[in-house]
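Reading the structure
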Number of protein chains: 2
Amino acid sequence: MDFERIKNKLDALLEAGKKAELRGALTMLNEVDIAEYLQTLDNEKVLMVFRLLPKDISAEVFAYMDNDQRTRLMEALDDNEAMRIIDEMFIDDAVDFLEELPAGVVKRMLANADPSKRDLINQFLRYPENSAGRIMTIEYIEFHVGTTVGQAMAEIRRTAPDKETINTLYVLDDRRVLLGTVGLRQVLLADDGRRIEELMNQQVISVRTTDDQELVADTVRKYDLLSIPVVDHEDRLVGIVTVDDIVDVIEEENTEDFEKMAAMLPSEDTYLKTSVLRLAWHRFPWLLILMISAMFTGGIITHFEDVLASAQGIGVAIVSCIPMLMDTGGNCGAQASTLVIRGLALGEVSPRDVGRILWKELRVAVLLGVVLSIVNFLRIWWFTAYSRDVAFVVSLAMFCTIVIAKAIGSTLPLAAKAVHLDPALMASPIITTIVDAASLLILFTIATSMFHIGA
Amino acid sequence: MDFERIKNKLDALLEAGKKAELRGALTMLNEVDIAEYLQTLDNEKVLMVFRLLPKDISAEVFAYMDNDQRTRLMEALDDNEAMRIIDEMFIDDAVDFLEELPAGVVKRMLANADPSKRDLINQFLRYPENSAGRIMTIEYIEFHVGTTVGQAMAEIRRTAPDKETINTLYVLDDRRVLLGTVGLRQVLLADDGRRIEELMNQQVISVRTTDDQELVADTVRKYDLLSIPVVDHEDRLVGIVTVDDIVDVIEEENTEDFEKMAAMLPSEDTYLKTSVLRLAWHRFPWLLILMISAMFTGGIITHFEDVLASAQGIGVAIVSCIPMLMDTGGNCGAQASTLVIRGLALGEVSPRDVGRILWKELRVAVLLGVVLSIVNFLRIWWFTAYSRDVAFVVSLAMFCTIVIAKAIGSTLPLAAKAVHLDPALMASPIITTIVDAASLLILFTIATSMFHIGA
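What counts and what doesn't
- Residues numbered from 1 in each chain as written.
- Chains lettered and ligands numbered in written order.
- Predicted model: local features only at pLDDT ≥ 70, side-chain atom pairs only at ≥ 80, totals over all residues.
- Heavy atoms only, no water.
- pLDDT = per-residue confidence, 0-100.
- Helix = DSSP H or I, 4+ residues; strand = E, 2+ residues; numbered from the N terminus.
- Salt bridge = Lys/Arg side-chain N within 4 Å of Asp/Glu carboxyl O.
- Buried < 20%, exposed > 50% of the residue type's maximum accessible area, 1.4 Å probe, protein only.
- Patch = residues over 30% accessible without salt bridge, like charges linked within 9 Å, V, L, I, M, F, W, Y side chains within 5 Å.
- Areas by Shrake-Rupley, 256 points an atom, 1.4 Å probe, with all protein chains shown as cover.
- Pairing = 2+ DSSP bridges.
- Axes fitted to C-alpha atoms, helices over the stretch in contact; angles between N-to-C directions.
- Phe/Tyr/Trp six-rings, centres within 6.5 Å; stacked < 30°, edge-to-face > 60°.
- Lys NZ or Arg CZ within 6 Å of the ring centre and 35° of its normal.
- Lys, Arg positive; Asp, Glu negative; His and termini not counted.
- Charge placed at Lys NZ, Arg CZ, Asp CG, Glu CD.
- Expected span 1.5 Å × (residues − 1).
- Least-squares fit on C-alpha atoms with pLDDT ≥ 70 in both.
- Contact = heavy atoms within 4.5 Å.
- Buried area = accessible area lost by both parts, 1.4 Å probe.
- Parallel < 35°, antiparallel > 145°, perpendicular 65-115°, else oblique.
- Left-handed = near helix turned anticlockwise from the far one by under 90°.
- Nonpolar A, V, L, I, M, F, W, Y, C, P; charged D, E, K, R; others polar.

For the rest of this paragraph, the subject is the confidence of the model for chain A. Residues and elements named next belong to chain A. In the predicted model, chain A carries a mean pLDDT of 86, and 98% of its residues have values of at least 70. The spread of mean pLDDT over the elements of chain A runs between helix 9 (residues 103-112), the lowest at 72, and strand 4 (residues 207-208), the highest at 94. As a predicted assembly, this complex carries a pTM of 0.81 together with an ipTM value of 0.81.

Attention shifts here to the pattern of salt bridges. Summed over all chains, the structure comprises 42 salt bridges over all chains. The salt bridge partner of Asp66(A) is Lys273(A), with a shortest N-O separation of 2.9 Å. With a gap of 207 residues between them, Asp66(A) in the loop between helix 5 (55-64) and helix 6 (67-76) and Lys273(A) in the loop between helix 15 (243-261) and helix 16 (276-303) connect regions that are remote in the sequence. Accessibility expressed as a relative area gives 44% for Lys273(A), which makes it partly exposed. Here Glu256(B) and Lys260(B) are joined by a salt bridge, their closest N and O atoms 3.8 Å apart. Taken as a pair, Glu256(B) and Lys260(B) lie in helix 15 (residues 243-261) at a separation of four residues, close to a single helical turn. The two residues Glu256(B) and Lys260(B) agree in class, both being buried. Residues joined by salt bridges that share partners form a network here, namely Asp218(A), Arg221(A), Arg342(A) and Glu251(B).

Taken together, the side chains of Val366(A), Val370(A), Val371(A) and Ile374(A) present a nonpolar region at the surface, about 290 Å² in accessible area. Judged by relative accessible area, which is 39%, Val370(A) ranks as partly exposed.

All right, on to the sheet that holds strand 2 (residues 168-172) of chain A then. Residues and elements named next belong to chain A. Here three strands make up an open sheet; going across it, the order is 1-2-3 and the pairing mixed. If you trace the sheet from one side to the other, it starts and ends with strand 1 (142-144) and strand 3 (178-183), each paired once. On average, adjacent strands in this sheet sit at an angle of 30° to one another, irrespective of strand direction.

Time to look at the sheet that holds strand 2 (residues 168-172) of chain B. To summarise the sheet geometry, strands pair through backbone hydrogen bonds and adopt either a parallel or an antiparallel arrangement. All names here are of chain B. Read across the open sheet, the three strands follow the order 1-2-3; overall the sheet is mixed. Because the sheet does not close on itself, it has two edges, and the strands there are strand 1 (142-144) and strand 3 (178-183). Averaged over all pairs of adjacent strands, the angle between strand axes in this sheet comes to 30°, irrespective of strand direction.

A word on the packing of aromatic side chains. Using the criterion set out here, one finds 11 aromatic pairs over all chains in the structure. Relative to Phe62(A), the ring of Phe50(A) lies with its centre 6.3 Å away and its plane at 65°, an arrangement referred to as edge-to-face. Residue Phe50(A) is located in helix 4 (residues 43-52), and its partner Phe62(A) is located in helix 5; the two are separated by 12 residues in the primary sequence. Here the two residues Phe50(A) and Phe62(A) agree in accessibility, since each one is buried. With a centroid separation of 5.7 Å and 80° between ring planes, the pair formed by Tyr140(B) and Tyr170(B) is classed as edge-to-face. Residue Tyr140(B) is located in the loop between helix 11 (132-135) and strand 1, and its partner Tyr170(B) is located in strand 2; the two are separated by 30 residues in the primary sequence. With a relative accessible area of 1%, Tyr170(B) lands in the buried category. Above the face of the Phe62(A) ring, Arg70(A) is positioned so that its terminal group lies 5.8 Å from the ring centre.

Turning our attention to a negative patch on the surface. Residues and elements named next belong to chain A. On the surface, a cluster of negative charge is made up of Asp96, Glu100, Glu129, Asp248, Glu252, Glu268 and Asp269. When you line up the elements, Glu252 lands in helix 15. Take Glu252: its relative accessible area is 32%, and that puts it in the partly exposed class.

Let us look at helix 22 (residues 428-451) of chain A. All names here are of chain A. For helix 22, spanning 24 residues, the distance from its first C-alpha to its last is 33 Å, which sits close to the expected 34 Å at 1.5 Å a residue. Counting buried residues in helix 22 gives 18 out of 24 residues, a clear majority hidden from the surface. After helix 22 finishes, the residue His452 shows a positive phi value of roughly 50°.

Let's shift gears to the relation of the copies chain B and chain A. One copy of the chain maps onto the second through a rotation around an axis plus a translation along that axis. Overlay of chain B on chain A (RMSD 0.1 Å): rotation 180°, translation along the axis 0.0 Å. Here the symmetry operator amounts to a two-fold rotation axis.

Now for the side chain of Ser320(B). On the secondary structure map, Ser320(B) appears in helix 18 (residues 314-320). Accessibility expressed as a relative area gives 9% for Ser320(B), which makes it buried. Apart from residues no more than four positions distant in its own chain, Ser320(B) is found in contact with Gly298(A), Ile301(A) and Thr302(A).

We now examine the interface of chain B and chain A. On the chain A side, the residues contacting the 113 residues of chain B number 113 residues. Both faces considered, chain B and chain A share a buried interface measuring about 10,500 Å² in area, 67% of it formed by carbon and sulfur atoms. Remark: the boundary between chain B and chain A carries 12 salt bridges. Residue Glu36(B) is joined to Lys222(A) by a salt bridge in which the shortest nitrogen-to-oxygen separation is 2.8 Å.

This part covers the packing of helix 20 (residues 354-383) of chain B against helix 21 (residues 388-418) of chain B. Residues and elements named next belong to chain B. The N-to-C vectors of helix 20 and helix 21 enclose an angle of 155°; their axes lie 8 Å apart at closest approach. When the axes of helix 20 and helix 21 are compared, the pair comes out roughly antiparallel. Crossing hand, helix 20 versus helix 21: right-handed. Considering only residue class, the contact of helix 20 with helix 21 consists of 22 nonpolar, six polar and three charged.

Another point: the pairing of strand 5 (residues 227-231) of chain A. Residue and element names in this part refer to chain A. Buried residues dominate strand 5, accounting for five of its five residues. Neither face of strand 5 is open: one carries Ser227, Pro229 and Val231, the other Ile228 and Val230, and all of them are buried. As paired strands, strand 4 and strand 5 are joined by two bridges and run parallel to one another. Directly across from Val207, in strand 5, lies its bridge partner Val230. Bridge count for strand 5 against strand 6 (residues 237-242) is five bridges, and the pairing is antiparallel. By the bridge assignment, Val231 is partnered in strand 6 with Leu237. Linking strand 5 back to strand 6 in an antiparallel pair, the connection comprises five residues, with Asp235 at a positive phi of about 65°.

Turning our attention to the packing of helix 3 (residues 31-39) of chain A against helix 5 of chain A. Residues and elements named next belong to chain A. One way to put it is that helix 3 packs onto helix 5 with a least axis distance of 8 Å and a crossing angle of 60°. It follows from the interaxial angle that helix 3 and helix 5 lie oblique. As for how helix 3 packs across helix 5, the hand of that crossing is right-handed. Residues Glu31, Val32, Ile34, Ala35 and Leu38 of helix 3 pack against Ile57, Glu60, Val61 and Tyr64 of helix 5. Residues that form the contact of helix 3 with helix 5 fall into these classes: seven nonpolar, no polar and two charged.

The structure is reproduced here in structure tokens:
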């Protein structure tokens, strides 16, 4: 990695105490790389290097640092320095940072902020967590109906440096209701005397402040937007969400799905920053529930204990197939449920498609079931001492297990979605546990009837 | 959904044959919604409605349709209409479309295209699949060193309507080597007489045409970019990738990871569009490999068959715990591997962190192991007829299984990454199979030595 080389050079300058040179070197870097470099330093050096940064980039570097380090740095800086950083940050970055801080620290910080900024930040912090209101920014350019292109251009030139994006401009009426959007390129091309609303696109796609960030991300992705306006319940414009923040939301939501699908409670922290106790706590509930469920599966074996005791090693033969049957069933179910969960997340399938999906999965299951059962039959018949009857029992159980696994795996996520539960919960771990019980029931039922064992 | 209402209205107009009104209604919709509406119609009506669309939006609607329908529509349109659409599309959308078509059709289409467009498309189609070259666009604005701000503004006004993004402008030298970027806002604010290179930011983050799209997505995400320049091996600018395309790449890569982690070969088609045979084929290899591996796990049971035959139902008690042990082990391993795989994908952990990760997982494992073993011990002791010794054997096996599952689950993805394999392959299915074998070995070894059975 190039980063190692950069770090070595900066470390050398830092070690030698060449502050001016270090400052010069830092200005050659991207803010993200500077933040990454700061992560590798201890607290004292972080403070020193941070103070070397030119004022205009220190706030941005701060926005890219991780939360722990930001909090420590805030504590080390004096109130003036701290407030200057908050003031320089885009509002969405500032809110993002402040919401992670203890309430007491936030109060102290805001006490020193200028009143308008303070009111604004407080207002943002009141929106529900993970809502559009929390991730939006107010650094956009707006015009009221009646503004001319000439006035608009003057305004853009005057305010553009403070705005996150100037690609799209927003047109409001007197009550701040969003009427439409205008692309900067349209303004650039129009005559100075024209009124802004003549250029306006009225088919505006927007979200509400209280909408979940997942809905915001889905909408931006669906319509390929670079930014989306956020309106309140009276359709008044209050902010915009830009696509670079959406990219983070998408990764966050994906991580949540991965975690839920692996039987964990979702967490917002990165792995290495999460404490052992917290990691254990997030994993415990599902492990316990699934362990207890699997105990009942074990009860099936106890119920059929006559099979185990039956003659000529048939019991051992049957039992030794349990891992293979359980694993194959679990894998088949996981394949189906993963595809359906993913399809639901991307809006490619919906619970209404249950018929088509089930029909598709059943055909896939029959195909896979036939091939795998034959492989399995031949393996037992050719390579073990067991009879063809044992091979037949196991292979038939295998076929039935695969069909049931595919059916359960594909329909449970759809059912969850239909009753407004998260489909991601119906993933591999639960499917596996259910399919395990089904496969053992099938295996032992077939075995008892084939070999005329017990009741 | 609102979409249902829109569809009903449009269907009514279509049914009544009111073409002019239908055209009017369509112009009120977003291109994405029009494409979605077209998906619900049969071929004949699609052609009819598509021809009603105003020329300036039909190409964009076309870009949002799915591949099957685009291909059918292309076949139904005459060559002139078809070429006009290709000509109107942004180059990245056109390439995206053409690369899915049969080679013969592409040839026919390009034969009618104007020569410069044809050369360009051919050049794009030569880049490797899933590379930056394939997803880039050439609709950006570039200036050569020496251009003044006044000249630049004139050029922007002249060419902006054809460009995908004008937020960032690119500065090249005479050999087209990328020297830096200028934000549109800087140009707007500068005096007409200044030269463009004075405003230029030289710390440009770029990718190469042959870089994998995953690297492009990671870079855009890391640096929060709205677009990234793509250069050839001599650092000459050849295109840009915009963040809206990156959002699609990210979802594509996530879907691939989900599929690999559920023991499937990744597929680029959506679920409902994939044939049964193809679905089965993508699921077959891993199912077979894992089934055969699980056969060896079954062999462990056969090897310890003395335990099964041992006195006083101890055999049944031990066997009935197998599902619980296998499932809990598999779930524990899946939890650890999922977090590590996800951390690797997001660049939050790297193989160098193996020590910290293993130490963390072992502590989590001990915590979870102690609690779950105790629950398990009490359950067997209190609620079953089995002796405390059986309860002890099973609980000890449970503890060891959890520790081993966490250790294997967390380290295998890191090992895969270290040898440049995809960590996503080391997910739940493989971990489960390995942990199954380990847990049965532990269970039977402890049981034989506790109860002094067999050799």
